Every structure is written in structure tokens, then in C-alpha cells.
Amino acid sequence: MGFYPVNPAGGEYIVGAPQVPHVTISLPEEKTFTVRAHNLSEKNKYVKSVSLNGREITDFRILHKDIMQGGELIFEMTDGGMCQ
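As the structure is a computational prediction, the values presented were derived from the model and not from experiment.

*Asks:* Before we go on, may I ask you to explain the pairing of strand 3 (residues 22–26) in this structure?
*Replies:* The two faces of the sheet receive side chains in turn, since in a regular strand these alternate between them. Note that strand 3 and strand 4 (residues 32–38) share five bridges and pair antiparallel. When the bridges of strand 4 are listed, Ile 25 appears paired with Phe 33.

Structure, rendered in C-alpha cells:
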């Protein structure tokens, strides 16, 4: 999905590169958390930027509470280079 737990006890996830273009997770209270990888392809496999609910993520970390609040994690993918 583009993130994985690094500190399960602390609820911390590291942002990586997604392998699917779109995933929606159903949460309690009819909330959803959606992950989108814009321009993801075999060629466009590098992360250019990441935003969580419209806020750019620069430290490559999200928290479990961020996911549980619902919203969108958006990856902009590119064919060359790493995150800027």
C-alpha cells in the first residue's frame, strides 16, 4: 500500500513506494482511508512526493491515529529520481 509499521507499539509507519494504484481501507464509524498512487506504472515506480489529507509529508512517517481519522494518502510517482 505504500507504508509499513516500523514501531507497532508506538503506532508509527514508514512511507515507502506503493505497489498498487488505489486501496481503500474501511474504518470504524463509516470512515475510510484511501491510498492513491498517481501515475504508478512499471516505469513510474519512484516516489516524487507524498501528502496526507493535503499536507505534504517530508519525514516519511505517518501515525496510526492519522490512518484511523480517515482521509487520503496521495503518492505522486515518477520515472526517475527519489522524493524531492
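Back to the write-up after that little detour.
*Asks:* How do you make sense of the sheet that holds strand 6 (residues 55–56) when you look at a structure like this?
*Replies:* Note on sheets: strands pair through backbone hydrogen bonds, and any given pair is parallel or antiparallel. The strand order across the open sheet built from five strands is 3-4-8-5-6, with neighbouring strands paired in mixed fashion. Across the chains shown, the open sheet's two edge strands, defined by having one partner strand only, are strand 3 and strand 6. Strand direction decides the pairing type here: strand 5 (residues 46–52) and strand 8 (residues 71–78), joined by six bridges, are antiparallel. Each residue of the ladder has a partner; that of Ser 49, found in strand 8, is Glu 76.

*Asks:* What exactly am I supposed to notice about the pattern of salt bridges here?
*Replies:* For side chains bearing opposite charge, pairing can occur when the charged atoms are close. This structure, assessed with the given rule, holds three salt bridges. Linking Arg 61 and Glu 12 is a salt bridge whose minimum nitrogen-to-oxygen distance equals 3.1 Å. A residue pair is termed long-range when its members are at least 10 positions apart, and Arg 61 in strand 7 (residues 61–63) and Glu 12 in strand 2 (residues 12–15) qualify at 49 residues. Between Glu 72 and Arg 36 there is a salt bridge; the shortest N-O distance is 2.8 Å. Here the residue Glu 72 occupies a position in strand 8, and Arg 36 occupies one in strand 4, the gap between them amounting to 36 residues.

Reading the values: the criteria
- Residues numbered from 1 in each chain as written.
- Predicted model: local features only at pLDDT ≥ 70, side-chain atom pairs only at ≥ 80, totals over all residues.
- Heavy atoms only, no water.
- Pairing = 2+ DSSP bridges.
- Helix = DSSP H or I, 4+ residues; strand = E, 2+ residues; numbered from the N terminus.
- Salt bridge = Lys/Arg side-chain N within 4 Å of Asp/Glu carboxyl O.

Everything listed here is a matter of coordinates, which is why it stays silent on function.
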